[in-house]
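What follows is each chain in one-letter form.
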Amino acid sequence: MTTTVESPPDSRAEAPARSAASLVDAVFRAREFSIAGALVLLVLGTYLANPRFLSDQGIKDLLLNASILVLLAVGQSAVVITRNIDLSVGSVVGLSAFACGKFVAGTDHGVLTVMLLGVAIGVACGLVSGALVSFGRVPALVVTLGMLYIIQGVDYWWAQGDQIGAADVPDQILGFGSGSVGVIGIPYLPLIALVLLVATAYFLRGYRSGRELYAIGSNPEAALLAGVPIRRRILAAYAFSGAVAGFAGALWLARFGTVVADNAHGWELTVVSAVVVGGVAITGGTGTVWGAALGALLLTTIGSVLIVLKVDAFWQGAITGALLLLAIGVDRIVNLRMTATLRKRSARHGNGA
């Protein structure tokens, strides 16, 4: 009788993989902590210059202003992680906000109906972009830039210079946009953004389909050989980004009441900047939605600080662009150094085996 003894797993072979994963996690945790630290310093400095900046109403306004950008950054992150980009999110927000405003004007439609309509519009736009990128294999930059102009054209044609006023929107929808919960009065919108942020972060790390998005962004060829359904995953990422943008458009209506055709016009750069500043690599495969949310909060806070300090609004765009270039440069340097470190560690383990 022959006894077969299974050899234990080679811990030396697994060590480089564990070491590499730990190094990558440490790098991006450091990026997120540095953004959080910069945010705290910015807020404290502004508070010293103007104590009213951190009043109860000031904090609520800051959270409300950041909520929609945080939502868009979360949706954009799912696309950027796959080594793609979605430049149509601002236009989808505008289309969704105007369509929802037209739908509810002079009616008594509820909040849920409006939100579902916004999501449906966003999903439709996201599926068109995703299908062209994933199945049509058209470059994402070309597709989403084209979608941006198409949606803007449709929105302007539909609006014909018209706008939706707060008087036309049902009170329950306006109340939802400005309402709050709890004794300290936390607004609904930041809570919604937080729930989506937590759910998305858990999905990306806890589910195989979420981790496959990182695999696609890191190395599409290897992901294909590993059996990852690349086209379906990219399509799903765009559908998710569109759904979030459409949902954000419905929230825009609830938040501001007054809607015109070019709402959120030009937000594309701000959303991409928030994602990249937050540590999501523009080349895909790395980063977290937590970092993207922190990047969105940082950019929103900078805008509020400039207003409080009475600085020309022009500088907000200049600072956003500068932060984008700085983040891309830092990301490139970090990636090069991390790759070199991983190669050295792999070589040492290989020689010691």
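Refer to the structure presented above.
Residues numbered from 1 in each chain as written. Predicted model: local features only at pLDDT ≥ 70, side-chain atom pairs only at ≥ 80, totals over all residues. Heavy atoms only, no water.

### What to know about the overall build of the protein
Applied cut-off: Under the DSSP-based scheme used, a helix requires at least four consecutive residues in state H or I and a strand at least two consecutive residues in state E, with every element numbered from the N terminus. When a residue's accessible area, from a 1.4 Å probe over protein chains only, is under 20% of the maximum for its type it is buried; when over 50% it is exposed; and in between it is partly exposed. Contact definition: two residues touch when any of their heavy atoms are within 4.5 Å. Only the protein chains shown count as cover for residues, and all accessible areas are computed by the Shrake-Rupley method using a 1.4 Å probe.
For the protein, the helix and strand inventory stands at 13 helices and 2 strands. Buried residues in the protein amount to 46% of all 353 residues. When contacts within the protein are restricted to residue pairs at least 6 apart in sequence, those whose partners lie at least 24 apart make up 79%. Carbon and sulfur atoms make up 65% of the accessible area of the protein, which amounts to about 17,700 Å² in all.

### Some points on the packing of helix α4 (residues 111–134) against helix α10 (residues 230–256)
The cut-off we apply is this: Convention adopted: a line fitted to C-alpha atoms gives each axis, helices being fitted over their contacting stretch, and angles between N-to-C directions are expressed from 0 to 180 degrees. Rotating anticlockwise by less than a right angle from the far helix to the near helix defines a left-handed crossing, while the corresponding clockwise rotation defines a right-handed one. Polar here means any residue other than Ala, Val, Leu, Ile, Met, Phe, Trp, Tyr, Cys and Pro, which are nonpolar, and Asp, Glu, Lys and Arg, which are charged; Gly is therefore polar.
Axis separation between α4 and α10 bottoms out at 6 Å; the angle between their running directions is 150°. The handedness of the crossing between α4 and α10 is right-handed. For the contact of α4 with α10, the per-class residue count stands at 16 nonpolar, 8 polar and 1 charged.

### Some thoughts on the pattern of salt bridges
How we decide: We count a salt bridge whenever a side-chain nitrogen from Lys or Arg sits within 4 Å of a carboxyl oxygen from Asp or Glu.
Counted according to the given criterion, the structure contains 3 salt bridges. The salt bridge involving Arg 208 is made with Glu 212; its shortest N-O contact spans 3.2 Å. With Arg 208 and Glu 212 both in helix α8 (residues 208–218) and 4 residues apart, this pair spans about one turn of that helix. On the accessibility criterion, Arg 208 (58% relative accessible area) is exposed. The exposure class of Glu 212 is buried, given its relative accessible area of 8%. For Glu 212, the salt bridge is made with Arg 233, and the minimal N-O distance between the two is 2.7 Å. Of this pair, Glu 212 sits in helix α8 while Arg 233 is found in helix α10, placing the two residues 21 residues apart along the sequence.

### A word on helix α2 (residues 56–81)
Definition in use: One less than the residue count of a helix, multiplied by 1.5 Å, gives the span that helix is expected to have. Each residue is assigned a bend, namely the angle between axes fitted to the seven residues that terminate at it and the seven residues that start at it.
Between the first and last C-alpha of α2 there are 36 Å, a value that for 26 residues agrees with the 38 Å anticipated at 1.5 Å per step. The sharpest bend along α2 measures roughly 35° and falls at Ser 67. Counting buried positions along α2 yields 19 of 26 residues, so the element is predominantly enclosed. Downstream of α2 by one or two residues, Arg 83 has phi in the positive range, about 70°.

### Let's talk about the packing of aromatic side chains
Aromatic ring pairs are defined here through the distance separating the ring centres and the angle between the ring planes. Heads up, the condition is: By convention, a stacked pair of Phe, Tyr or Trp rings (six-membered ring in the case of Trp) has centres within 6.5 Å and planes under 30 degrees apart, an edge-to-face pair has planes over 60 apart, and any other such pair is tilted.
In this structure the tally under the stated criterion is 6 aromatic pairs. Their ring planes at 80° and their centres at 5.5 Å tell us that Phe 98 and Trp 158 sit as a pair that is edge-to-face. With Phe 98 in helix α3 (residues 89–104) and Trp 158 in helix α5 (residues 140–159), the pair connects residues that are 60 residues apart, well separated along the chain. By way of ring pairs, the aromatic residues Tyr 202, Phe 203 and Tyr 207 are connected into one cluster.

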